[in-house]
Amino acid sequence: MSRQKVIRCAACAGRIKPHHPHIGVEDLETGVEFSYHARASCQKRCVEETVTRLEAGKVFAAHHYHSSRCPDEAPGFGCAAGCFDTPMAVAN
Ligand SMILES: [Zn+2]
Ligand SMILES: [Zn+2]
């Protein structure tokens, strides 16, 4: 069995299964990626923390990782499988 990297949610510290939908916020300077569950409470933390980091002058790229069973190939929210609980509020 190959060893998979354990992804932990930066909001609740819970484990995120790689084949489950989740959000990644990548620091473009360091390449470090913060991961969050797709559920609304973790998304909220994601937005808050990302705003804080943006205010600190960092640059991020957000990635939406869909469920491995999601038929929708377009990135972002509102996919056919409903991977993400609620659309993330625009952070500004
Ligand atoms: Zn979480
Ligand atoms: Zn999806």
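Residues numbered from 1 in each chain as written. Chains lettered and ligands numbered in written order. Predicted model: local features only at pLDDT ≥ 70, side-chain atom pairs only at ≥ 80, totals over all residues. Heavy atoms only, no water.

**Notes on the coordination of the zinc ion (ligand 1)**
Listed as protein donors to the zinc ion (ligand 1) are Cys-9 (SG), Cys-12 (SG), His-37 (ND1) and Cys-42 (SG); their distances from the metal cover 2.0 to 2.4 Å. Taken together, the four donor atoms coordinating the zinc ion (ligand 1) span angles of 99 to 118° at the metal, a pattern that classifies the geometry as tetrahedral. Donor residues binding the zinc ion (ligand 1) come from one chain and are separated in sequence as C-x2-C-x24-H-x4-C. One end of the pair, Cys-12, is in the loop between strand E1 (7-8) and strand E2 (15-16); the other, Cys-42, is in helix H1 (residues 40-55), and 30 residues separate them in sequence. Owing to a relative accessible area of 2%, Cys-42 belongs among the buried residues under this scheme. (Donors = N, O, S within 2.8 Å, 3.2 Å for Na, K, Ca; no water. Tetrahedral: all angles 85-135°; square planar, octahedral: opposite > 155°, others 65-115°. Helix = DSSP H or I, 4+ residues; strand = E, 2+ residues; numbered from the N terminus. Buried < 20%, exposed > 50% of the residue type's maximum accessible area, 1.4 Å probe, protein only.)

**Focus on the confidence of the model for the chain**
Scored by pLDDT, the chain comes out at a mean of 85, with 82% of its residues at no less than 70. Predicted confidence for residues 88-92 stays below pLDDT 50, and this span has nine contacts to residues more than four positions away or in other chains. (pLDDT = per-residue confidence, 0-100. Contact = heavy atoms within 4.5 Å.)

**Section: the coordination of the zinc ion (ligand 2)**
Every protein donor of the zinc ion (ligand 2) is listed here as His-66 (ND1), Cys-70 (SG), Cys-79 (SG) and Cys-83 (SG), and their distances to the metal cover 1.9 to 2.3 Å. Each of the four donor atoms around the zinc ion (ligand 2) contributes to a set of angles spanning 104 to 114°, which defines the coordination as tetrahedral. In primary sequence terms, the donor set of the zinc ion (ligand 2) follows H-x3-C-x8-C-x3-C. Taken as a pair, His-66 in the segment after strand E5 (60-65) and Cys-83 in the segment after E5 lie far apart in primary sequence, 17 residues in all. Residue classification places Cys-83 among the buried positions, given a relative accessible area of 9%.

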